[in-house]
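# Analysis of the macromolecular model
In case you want the letters, here they are:
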Amino acid sequence: MNEVDYIIVGCGLAGIALCEILSEHDKTFVVFDNGSQQSSSVAAGMYNPVILKRFTPVWRAEEQLKLVPSFYKKLEEKLHKTFDYRFPLKRRFTSIEEQNQWFTAADKPRLAPFMDLELTINDNPNVDAPHGFGTVLHTGRVYTEALISTYQKYLREKGLLMNDSFKYDQLEVKLDGLSYQSYKAQQIVFAEGYGLKHNPFFNYLPLSGNKGEVLTVRIKGLGLKEPIKSGVFVIPLGDDLYRVGATYNNHDKLKDTTEQGKAELLDKLNSFIRLPVEVIDHRTGIRPTVKDRRPLVGQHPKYKQLYVLNGFGSRGVMIAPYATKQLFNSIESNQPLEDELDIKRFENLVQEDFLSNLGS
Ligand SMILES: Cc1cc2nc3c(=O)[nH]c(=O)nc-3n(C[C@H](O)[C@H](O)[C@H](O)COP(=O)(O)OP(=O)(O)OC[C@H]3O[C@@H](n4cnc5c(N)ncnc54)[C@H](O)[C@@H]3O)c2cc1C
């Protein structure tokens with residue numbers, strides 16, 4: 001038997017954030033990942049503290065942003081690669097009314113640090129933006145695809161990542177810990193993203209899932225230096241390449257790309273870009289979304305050694321360090337979780353017969 005402190009299921013942003021905090025505290029772990037979910041890899045990777053539709057603050061924006069720079073910097077130092085690119089984000093205004101809404105919001109104390117009070121005039125003839133842009137500050141983009149693949153390679157080389165499906169029926173929960181195949185552990189944390197739907201211990205939680213599609217396109221001569229947000233994000237990748245995203249679909253949970261998704265993205269892009277667009281790549285992922293838009297973090301209602309770290313929705317880059325720190329402190333130091341992210345808020349969904357079916 002191999003003895004570890006933690007078993008982790010899932011090696012997306014959530015699983016990686018957990019590996020990092022465990023390593024910092026000299027805890028031992030092994031990770032299982034079967035590559036079934038792609039949300040973290042296909043993510044546009046943007047982090048920004050303002051909801052750009054309504055000009056309202058993101059939940060716990062200040063607290064989350066405080067942890068972002070050091071979290072990604074440590075990963076960059078460990079893996080000798082750059083992942084975190086900081087730049088202001090331009091929000092294209094579609095009307096004078098929107099400009100006014102921006103300046104009203106930018107006066108509010110919680111938003112003032114993040115919303116520039118100067119209107120940016122458009123100087124790019126290939127972009128249609130007669131009403132100019134508002135600039136969001138303290139924003140950036142994490143190159144998540146490179147982060148996930150590099151981190152997984154790092155773990156694999158250390159013998160800490162098993163590229164295998166976790167078989168829930170092989171988990172044995174005991175009074176003094178748990179065992180799974182050749183591993184004994186003190187606790188297990190499930191960080192499977194939308195894969196949680198197959199987890200018999202936690203699938204009572206209301207994870208709804210939202211499919212997102214993104215394109216990589218070539219637009220010769222566009223010359224954008226900073227990302228623009230209008231109906232879609234346009235993020236410069238260099239060499240005339242841009243990431244364009246994303247769609248939001250609550251109904252379709254299939255993993256394949258759709259012509260409808262591609263057409264929606266291209267229509268929105270063509271409404272403000274005046275140059276021909278060549279599609280290079282088209283990908284999808286299912287965001288682990290929750291109806292109340294808060295993460296799903298905490299301990300199983302029956303088996304105290306089982307935990308969940310999920311529900312990062314459309315903002316995993318910012319939420320991952322914040323939610324993971326809370327989970328770690330609750331397990332290791334008995335610090336209470338914030339009510340808004342604790343899965344105890346869904347205890348009314350746990351059926352007694354569901355618990356007895358799990359055995360004892
Ligand atoms: C198109 C799109 C664009 C997005 N853009 C942004 C953005 O700009 N900014 C932002 O912050 N967020 C964005 N997101 C959201 C972000 O991707 C998610 O919040 C985040 O990636 C969720 O991370 P996770 O680790 O919880 O889940 P996932 O990334 O889904 O990782 C779960 C992992 O668990 C593994 N797994 C599942 N079940 C099992 C099992 N039984 N056995 C073993 N392994 C298993 C999967 O293979 C996967 O690797 C976007 C998402 C999409 C789809």
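Definitions and limits used
- Residues numbered from 1 in each chain as written.
- Predicted model: local features only at pLDDT ≥ 70, side-chain atom pairs only at ≥ 80, totals over all residues.
- Helix = DSSP H or I, 4+ residues; strand = E, 2+ residues; numbered from the N terminus.
- Rg over C-alpha atoms; globule rule 2.2 N^0.38 Å.
- Buried ≥ 20, exposed ≤ 12 C-beta atoms within 10 Å, placed from the backbone.
- Near = placed C-beta within 6 Å.
- Nonpolar A, V, L, I, M, F, W, Y, C, P; charged D, E, K, R; others polar.
- Pairing = 2+ DSSP bridges.
- Expected span 1.5 Å × (residues − 1).
- Bend = angle between axes of the 7 residues up to and from the residue.
- Core = buried A, V, L, I, M, F, W, Y, C linked by C-beta atoms within 7 Å.
- Domains from an automatic or database assignment.
- Contact = placed C-beta atoms within 7 Å.
- Arc of directions from axis to C-beta.
- Axes fitted to C-alpha atoms, helices over the stretch in contact; angles between N-to-C directions.
- Parallel < 35°, antiparallel > 145°, perpendicular 65-115°, else oblique.
- Left-handed = near helix turned anticlockwise from the far one by under 90°.

### Details of the overall build of the protein
A tally of helices and strands in the protein yields eight helices and 20 strands. Expected size for 360 residues packed as a compact globule is a radius of gyration near 21 Å; at 21 Å, the protein falls within 12% of this value. With the principal axes as the frame, the protein shows a C-alpha extent of 65 × 40 × 40 Å. Within the span of the protein, comprising 360 residues, buried residues form 42% of the whole.

### Here's the deal with the site of the ligand
Taken together, 44 residues are adjacent to the ligand, and Gly12, Gly193, Gly195, Gly212 and Gly316 come closest. Counting only elements with at least two residues in the shell around the ligand, the list comes to helix 1 (13-24), helix 2 (39-42), strand 3 (46-47), strand 14 (210-218), strand 18 (278-287) and helix 7 (316-333). Class assignment of the residues belonging to the shell around the ligand gives a composition of 19 nonpolar, 21 polar and four charged.

### Re the sheet that holds strand 6 (residues 84-86)
Here we have three strands laid out as an open sheet, ordered 3-9-6, and antiparallel in their pairing. Each end of this open sheet is capped by a strand with a single partner; those strands are strand 3 and strand 6. Relative to strand 9 (residues 140-142), strand 6 runs antiparallel, the two sharing three bridges. Counterpart to Arg86 in the pairing with strand 9 is Gly140.

### Focus on helix 3 (residues 61-79)
Each full turn of the α-helix corresponds to 3.6 residues, which orients residues three or four apart in the same direction. Between its terminal C-alpha atoms helix 3 stretches 27 Å, which fits the 27 Å expected from 19 residues at 1.5 Å a residue. Of all the bends in helix 3, the greatest, near 30°, is centred on Val68, and the proline Pro69 appears no more than four residues after it. What helix 3 keeps buried is the set Ala61, Gln64, Leu65, Val68, Phe71, Tyr72 and Leu75. Of the residues flanking the end of helix 3, it is His80, one or two places downstream, whose phi is positive at about 55°.

### Observations regarding the nonpolar core
Grouped together as the largest cluster of nonpolar side chains are 81 residues, with contacts concentrated most on Ile8, Leu18, Val31, Val189, Val244 and Leu309. At nine residues, helix 7 tops the list of elements feeding residues into this core. In terms of domain composition, this core takes at least three residues from each of domain 1 (2-42 + 145-207 + 291-357) and domain 2 (210-287). Ignoring sequence-local partners within four residues, the contact set of Ile8 consists of Gly15, Leu18, Cys19, Phe29, Val31, Val189 and Ala191. Ranked by size, the runner-up nonpolar core spans eleven residues in total, among them Val50, Leu89, Ala105 and Val136.

### Quick word on helix 5 (residues 144-157)
With 14 residues, helix 5 extends 20 Å from end C-alpha to end C-alpha; this agrees with the ideal 20 Å at 1.5 Å per step. For helix 5, the full list of buried residues reads Thr144, Leu147, Ile148, Tyr151, Gln152 and Leu155. Each buried residue of helix 5 lies within a common arc of 120° when the element is viewed along its axis, so the set occupies one face. Exposed side of helix 5, more than 90 degrees from the buried face: Ser149, Lys153 and Glu157 are the residues found there. Taken from the residues just after helix 5, Gly159 is the one with a positive phi, measuring 75°.

### A word on the domain arrangement of the protein
We note that the domain assignment places domain 1 (2-42 + 145-207 + 291-357) and domain 2 (210-287) within the protein. For domain 1 and domain 2, the distance between their C-alpha centroids amounts to 31 Å. Looking at the side of domain 1 that touches domain 2 residue by residue, the classes come out as two nonpolar, five polar and no charged.

### Some thoughts on the sheet that holds strand 17 (residues 241-245)
The strand order 8-7-15-16-17-14-18 describes an open sheet built from seven strands, whose pairing is mixed. Edge positions in the sheet fall to strand 8 (133-136) and strand 18, since each of these pairs with one other strand and no more. Here five bridges tie strand 16 (residues 233-238) to strand 17, and the two strands are oriented antiparallel to one another. Looking at the pairing, Phe233 lines up with Gly245 of strand 17.

### With respect to the packing of helix 1 against helix 7
In contact at an axis separation of 9 Å, helix 1 and helix 7 are set at 45° when each is read in the N-to-C sense. Here helix 7 runs oblique to helix 1, going by the angle between their axes. Between helix 1 and helix 7 lies a crossing whose hand is right-handed. The segment helix 1 lies against helix 7, with Leu13, Ala14, Ala17, Leu18 and Ile21 engaging Gly316, Val317, Ala320, Pro321, Thr324, Lys325 and Phe328.

### As for the pairing of strand 11 (residues 171-174)
Relative to strand 12 (residues 177-180), strand 11 runs antiparallel, the two being bridged by four bridges. Within the sheet, the bridge partner assigned to Glu172 lies in strand 12 and is Ser179. Counting the residues between successive antiparallel strands, the hairpin from strand 11 to strand 12 contains two residues.

### With respect to the environment of Met115
Looking at the element boundaries, Met115 is found in the loop between helix 4 (96-106) and strand 8. Once the C-alpha coordinates of Met115 and Pro88 are considered, the two residues, 27 residues apart in sequence, prove to be 10.0 Å apart.

### With respect to unusual backbone geometry
With an omega of -5°, the peptide bond between Gly245 and Ala246 qualifies as cis. In this structure, Ala246 sits in the loop between strand 17 and helix 6 (259-270). For Asp26, which is not glycine, the phi dihedral falls at a positive 55°. Along the chain, the position of Asp26 falls in the loop between helix 1 and strand 2 (29-32). Phi is positive for Arg293, which is not a glycine, with a value near 60°. Among the structural elements, Arg293 can be located in the loop between strand 18 and strand 19 (296-299).

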